[in-house]
Amino acid sequence: MLNVLVTGGAGYIGSHVCVALLEAGHQVTVVDNLCNSSARSMDAVQSVTGRTLNFTQMDIRDTTGLVSVMQARSVDVVIHLAGLKAVGESVQSPLAYYSNNVGGTLSLLHAMEATGARRLIFSSSATVYGVPDFLPYTETHPTRPSSPYGHSKLHAERMLRDLCHSSGDWSIVALRYFNPVGAHASAELGEDPRGTPNNLMPFIAQVAAGLRDRLTIFGDDYATRDGTCVRDYLHVMDLASGHLEALSYSATAAGFHAFNLGTGQGTSVRELLAAFEATNRVRVPHEIGPRRAGDIDAFWADPARAVIHLGWKPRHDLADMCESTWRWQLAHPRGFQ
Ligand code: NAD
Ligand code: WQD
């Protein structure tokens, strides 16, 4: 049993990670400033697991506050998900992204240094790779992010690498997530975007539910099999289990290690839409619109390193992703509100 601090644990991915941690018997402490989430997700985590966690509303840039929470809870390991994640917003407000994602990570590292915690699992992103030189992306693919968001993730990784070079005490795993979708099987937890969803799956779900008129497919003239962009969608519970495996790995592997978490399967926008309609027997009205600035034609993961070294294996298929999204959408049309 570990005492795990989860930063950003009230968010979409963090709340599912908390479920996996509690079900594995760990003690969980969440720090989140709720800038993009609701504390009700914490109630849902406790209700689906039947276990309690400790929640503190706090900004991770408050280093002193973090130190006191970590000392009070005897934190051994940190899973660091707190951060901002909207690519377009990062172009408009780059300093907010560097402050939260780079400054926030720096503050957390200071708090870890002060309290003696030396194991960290970091939420990185496939967006660190940028325009592909080859596919699927391996972890050795060059990193050339194309947005302030992507740069903030890569800067954070850089700090983590440098820290590991400075001392052999640290054990840090960066998980580069591809496109997480889906919801917990209970339909009590899921993605709860504020305002208009930026991402494809929650947008599809809201159109299917009649909350929005139609989906606009951002371009059908890409160099892909059906002209729409191809991505590597993975179930959020498979992503959550990857964190458990990374925790085990970090117990014995000193230094900095990066792993892709994706299924290795590319799915186009049209294919995801068709899968959602077929699985859930719903219609999703849609139209073709112009390309969205900055979108890459296609990318997907080579997950071999995570499969071999972490023993990670995604278990859910595209139908599970669509079905769980839809059940969450139906059960909670207004999310956690
Ligand atoms: P989310 O917005 O649902 O969760 C992030 C959480 O962090 C939120 O609860 C937010 O309130 C909190 N937070 C933000 N800044 C904070 C701060 N300064 N102090 C304390 N709390 C703060 O997003 P998510 O989809 O769950 O993403 C979690 C992590 O995974 C992020 O770091 C994101 O960059 C990364 N990631 C997400 C995706 C994705 O598609 N969802 C893909 C790759 C990587
Ligand atoms: C998927 C596809 C869109 C909405 C983003 C971030 C990335 C990572 C995951 C954090 C694209 C198309 C979308 C819509 C559409 N996040 N689309 N109509 O862009 O692959 O990745 O989230 O690290 O950094 O960039 O995901 O879900 O936004 O889009 O046609 O209304 O769906 O053009 O091809 P993306 P997405």
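Preceding this paragraph is the structure being described.
Below, the structure is looked at part by part. Note that the structure is a prediction, hence the values are computed from the model and not measured. Per chain, residue numbering runs from 1 following the sequence as it is written. Whichever chain is written first is A, and whichever ligand is written first is 1; the rest continue in order. Only residues with pLDDT of at least 70 get local features here, since the model is predicted, and only at 80 or more are side-chain atom pairs given and counted; chain-wide, interface and lining totals rely on the full set of residues. No hydrogens and no water enter the side-chain calculation; it runs on all heavy atoms of the structure.

So, on to the pattern of salt bridges. A pair is scored as a salt bridge if a Lys or Arg side-chain nitrogen falls within 4 Å of a carboxyl oxygen belonging to Asp or Glu. If you walk through the whole model with that rule in mind, you get 13 salt bridges. The shortest N-O distance in the salt bridge between arginine 214 and glutamate 287 comes to 4.0 Å. One end of the pair, arginine 214, is in the loop between α7 (200-208) and β8 (215-218); the other, glutamate 287, is in strand β13 (residues 286-289), with 73 residues separating them in the sequence. Residue arginine 214 is classed as partly exposed on the basis of its relative accessible area, which comes to 41%. Between arginine 231 and aspartate 295 there is a salt bridge, and its shortest N-O distance comes to 3.9 Å. Here arginine 231 is found in strand β9 (residues 230-231), whereas its partner aspartate 295 is found in the loop between β13 and α10 (304-310), with 64 residues between them in sequence. The network of salt bridges with common partners includes Arg231, Arg292 and Asp295. Helix and strand definitions here come from DSSP, where helices need a minimum of 4 consecutive H or I residues and strands a minimum of 2 consecutive E residues; each element is numbered from the N-terminal end. Exposure categories follow from relative accessible area, calculated using a 1.4 Å probe and restricted to protein chains: below 20% of the type maximum is buried, above 50% is exposed, and the middle band is partly exposed.

The immediate surroundings of ligand 1 are formed by 28 residues, with Asp32, Asn36, Ser37, Asn100 and Tyr149 found nearest. Side-chain atoms alone can form a polar contact between residues adjacent in sequence; in general such a contact is a pair of N or O atoms within 3.5 Å, and within protein one must be able to donate a hydrogen while the other accepts it. The backbone of cysteine 35 places a nitrogen or oxygen atom 3.0 Å from an oxygen atom of ligand 1. In this structure, an oxygen atom belonging to ligand 1 sits 2.8 Å away from a side-chain N or O atom of lysine 153. The Shrake-Rupley method, run with a 1.4 Å probe sphere, supplies the accessible areas, and residue values consider only the shown protein chains as cover. For ligand 1, the accessible surface in isolation is 820 Å², of which the surrounding protein chains cover 96%. Of all the secondary structure elements, the ones that give two or more residues to the shell around ligand 1 are α1 (12-23), β5 (119-125) and α6 (148-166). Taken together, the residues of the shell around ligand 1 sort by class into 13 nonpolar, ten polar and five charged. The nearness test applies per residue and asks whether one of its heavy atoms lies within 4 Å of the molecule or strand. Ten residues, namely Ala, Val, Leu, Ile, Met, Phe, Trp, Tyr, Cys and Pro, are considered nonpolar, four, namely Asp, Glu, Lys and Arg, are considered charged, and the remaining ones, Gly among them, are considered polar.

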